[in-house]
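# Topology and contacts: notes
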Amino acid sequence: MYIVFIGPPGSGKGTQARCLAKDLDMAYFAAGDQLRYLAKQDTALGRRIADKIAAGELVADETMEEVIAAFLENNKGKSVIFDGFPRLSSQADILKRKLADEGGLDLAIFLDVSREEVIRRLSARVICQDCGAVYNKNTNPPQEEGQCDKCGGQLYQRTDETPAAIEKRLDNFYNKTMPVVKLYCRQGILKKVDGERVIDEIFRDLKKLISSLDTEAD
Ligand code: AMP
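The notes below deal with the structure included here. (Residues numbered from 1 in each chain as written. Predicted model: local features only at pLDDT ≥ 70, side-chain atom pairs only at ≥ 80, totals over all residues. Heavy atoms only, no water.)

### Points about the pairing of strand E3 (residues 80–83)
Here E3 shows a buried face lined by Val80 and Phe82 and a second buried face lined by Ile81 and Asp83. The sheet contact formed by strand E1 (residues 2–6) and E3 spans four bridges and is parallel. By the bridge assignment, Phe5 is partnered in E3 with Asp83. In terms of strand pairing, strand E2 (residues 27–30) meets E3 through four bridges, oriented parallel. Bridging from a neighbouring strand, Ala27 pairs with Val80 of E3. (Buried < 20%, exposed > 50% of the residue type's maximum accessible area, 1.4 Å probe, protein only. Helix = DSSP H or I, 4+ residues; strand = E, 2+ residues; numbered from the N terminus. Pairing = 2+ DSSP bridges.)

Here it is in C-alpha cells:
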C-alpha cells in the first residue's frame, strides 16, 4: 500500500505520518528529514541542499528523484507512507513512474489547516535533534525547556522557521503543491482531513481511513 501525506508546513502531517507508519508497520519516507540528513554532509550537493532549505526553496527534482529511488530500493515490498513528497506536479509524475510496477498510489491524504494557524504553529515550533519529536512552545511544550520528553535530546528551532522562510514555504505550498492536491482529487484518491483538531482525534480518523482501505482491498 502506498499513501501520500500532503499539507502545508506545520499542518502536523509529519507527526501523524510518523506515528501511523510506526503503528501500521509501514516504511516512512520524510522528504524533509532525508534532505536535512544530506544537507549535513560536507559535499557540494549537501551545501546546495542546505542553502535551499534555509531559504525555504524547493530542492531540484533530479535530487528528489535520486533520493526517492534509493529509498524505494531499500524498502522493496514494503507499504510506504510518503510525507512531503510529491510537492510539485512534476514530482507526482516521478512518483507515478516509480510506483508503476507496484500498482500505483492507493491514497492521498490532505491535512487541511488554515494559513493563519500554520504561521502561529511554525513560529513556536521546536524539534528534537535526536529523535525528531515535535513540540510547540505554546500548545504542546516539553516538560523541561529545551529538552525532549521522549529521549532527552536537545530541542532546536529549524533554520527555515524564520518569518521570511515561512512565507516562502507557504507560498510554495499554495502555488505549487495545491495543484498536486487537485490532481489526486481528480484521480479519486484524495481524502481531506481537518487538521485543526487535537492530535489524537486526527490520528484516530486517519487510522480508520487507512484501515478501511485495507478492508476494501481484501
Ligand atoms: P519539510 O521538513 O517537509 O518542511 O521540508 C523542509 C524543506 O526541505 C523544504 O522547505 C524544502 O526546502 C525541502 N523539501 C522537502 N520536501 C521537498 C520536495 N518534495 N521537493 C523539494 N524540496 C523539498
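Once you've had a look at it, read on.
### Quick word on empty space enclosed by the protein
Applying the stated rule across the entire model yields one cavity of 30 Å³ or more. Looking at the largest cavity, its volume works out to about 50 Å³. Forming the walls of the largest cavity are Phe5, Ile6, Gly7, Lys13, Gly84, Phe85, Pro86, Arg87, Phe173 and Thr177. When contributions to the lining of the largest cavity are tallied by element, the ones reaching two or more residues are E1 and helix H7 (163–186). (1 Å grid on protein atoms, 1.4 Å probe; cavity = no way out; pocket = protein on both sides within 12 Å on 5 of 7 lines; lining within 4 Å. Points joined across faces, edges and corners; volume = space filled by probe spheres on them.)

### A look at the sheet that holds strand E7 (residues 155–156)
Ordered by their spatial adjacency, three strands build an open sheet running E6-E5-E7, and the pairing between neighbours is antiparallel. The open sheet has two edge strands, strand E6 (134–136) and E7, and neither has a second partner. Direction of pairing for strand E5 (residues 125–128) relative to E7: antiparallel, over a ladder of two bridges. In the sheet register, Cys128 faces E7, and the bridge partner there is Leu155.

### Section: the pairing of E1
A large share of E1 lies buried, amounting to five of its five residues. Of the two faces of E1, the one holding Tyr2, Val4 and Ile6 and the one holding Ile3 and Phe5 are both buried throughout. Direction of pairing for E1 relative to strand E4 (residues 107–112): parallel, over a ladder of four bridges. Within E4, the position partnered with Ile6 by the bridge is Phe110.

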